[in-house]
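# Per-entry structural report
If you want the building blocks of each chain, they are given just below.
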Amino acid sequence: MPPTILITRPEPGGSRFIATLRALPGGDLPVILSPVLQIRPEGALPDLEGVRWLIFTSQNGVFRFVELSARRDIPAYAVGDATAQAAEAAGMHAISCAGDARDLLARITADCEAGRAAGPMLHLRGSHAAADVAGALRAAGIMASDAVLYSQAHMPLNDAAHACLAGKDPVIVPVFSPRSAEALAADASIKAPLVVLAISQAAADRIPQGAARAFVVAERPDAAAMLRAWPRALAEAYRLEGTRRAQ
């Protein structure tokens, strides 16, 4: 049997990733969509008076800000290209830092030192954050605060996902964050030959030792880099014992 693709990314990102994957070689394999996290509104937008820059570390922060405010005049730093594109599509000026939280902090700090930016800055984030962005900026002498606008609630895998992970045929699982990797590992009894396509090494490291037969880590922590790494993940799946590439 050919490999199955298991998508655990929260909606609507999961469906968008599937649609993009369909255009790639091997993207026509069987797909199961079973998000392990659900994005839920939480918290309120603080007063924006005096805020000179917004900071977004995910598209979800952009979407929630757009729901809560008509302001589009405050420029923003975005952790990566997709987040910057979401902000630009909403009518905002956004600078992509093309990486992870470390790249984001490095770019903001450099811009402030060069006089290209200054606080106060406001980081709009989820209830679970990979890094204390505002705290790191304050430690560097930059006025910054943060506000939680959404939460990431755990969702159990559906029956189809459990069945494929308990089977004998290879499963390719794109993993989009350390937290989603943890949720997958906590909820599943993994017996199938598993190929993990991870957005970062941090996400890959959250999969328990021995649970996966192969790991492919994207060169950059974003969905575009994961799509570029897709051929390697597909090749790994077809290398697993007992798997034949469909003719």
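First, a word on scope: everything that follows refers to the structure included in this document. (Residues numbered from 1 in each chain as written. Predicted model: local features only at pLDDT ≥ 70, side-chain atom pairs only at ≥ 80, totals over all residues. Heavy atoms only, no water.)

### Topic: the overall build of the protein
- Along the protein, the regular secondary structure elements total nine helices and 11 strands.
- What you see for the protein is a C-alpha radius of gyration of 19 Å, in line with the 18 Å of a compact globule of 247 residues.
- Along the first, second and third principal axes, the C-alpha set of the protein runs to 60 × 30 × 30 Å.
- Residue burial in the protein is summarised as follows: out of 247 residues, 49% are buried.
- Counted over contacts in the protein with a minimum sequence separation of 6, partners at least 24 positions apart contribute 60%.
- In the structure as shown, the protein presents an accessible area of about 11600 Å², 51% of it carried by carbon and sulfur atoms. (Helix = DSSP H or I, 4+ residues; strand = E, 2+ residues; numbered from the N terminus. Rg over C-alpha atoms; globule rule 2.2 N^0.38 Å. Buried < 20%, exposed > 50% of the residue type's maximum accessible area, 1.4 Å probe, protein only. Contact = heavy atoms within 4.5 Å. Areas by Shrake-Rupley, 256 points an atom, 1.4 Å probe, with all protein chains shown as cover.)

### As for the packing of helix α2 (residues 59-68) against helix α3 (residues 81-89)
- Here α2 crosses α3 at 15°, and the two axes come no closer than 8 Å. As the angle between them shows, α2 and α3 are arranged roughly parallel. For the pair α2 and α3, the crossing hand works out as right-handed. Touching Q59, V62 and F63 of α2 are A82, T83, A86 and A87, all from α3. (Axes fitted to C-alpha atoms, helices over the stretch in contact; angles between N-to-C directions. Parallel < 35°, antiparallel > 145°, perpendicular 65-115°, else oblique. Left-handed = near helix turned anticlockwise from the far one by under 90°.)

### Here we look at the sheet that holds strand β7 (residues 121-126)
- Spatially, the six strands line up as an open sheet ordered β3-β8-β7-β4-β5-β6, and their pairing is mixed. At either margin of the open sheet sits one strand with a lone partner, and together these are β3 (37-41) and β6 (94-96). When the angles between neighbouring strand axes are averaged without regard to direction, this sheet yields 25°.
- For β7 and strand β8 (residues 144-154), the ladder comprises six bridges, and the chain directions are parallel. Residue pairing in the sheet places L124 in a bridge with A147 of β8.
- Running over the sheet, α2 touches β3, β4 (53-56), β7 and β8 and is turned about 105° from β8.
- Sitting on the sheet, helix α4 (residues 101-113) touches β4, β5 (76-78), β6 and β7, and the angle it makes with β5 is about 145°. (Pairing = 2+ DSSP bridges.)

### Digging into the pairing of β7
- Counting buried positions over the six residues of β7 gives six, a clear majority of the element.
- The pairing of β4 with β7 spans four bridges and is classified as parallel. Among the inter-strand pairings, F56 is bridged to a residue of β7, identified as L124.

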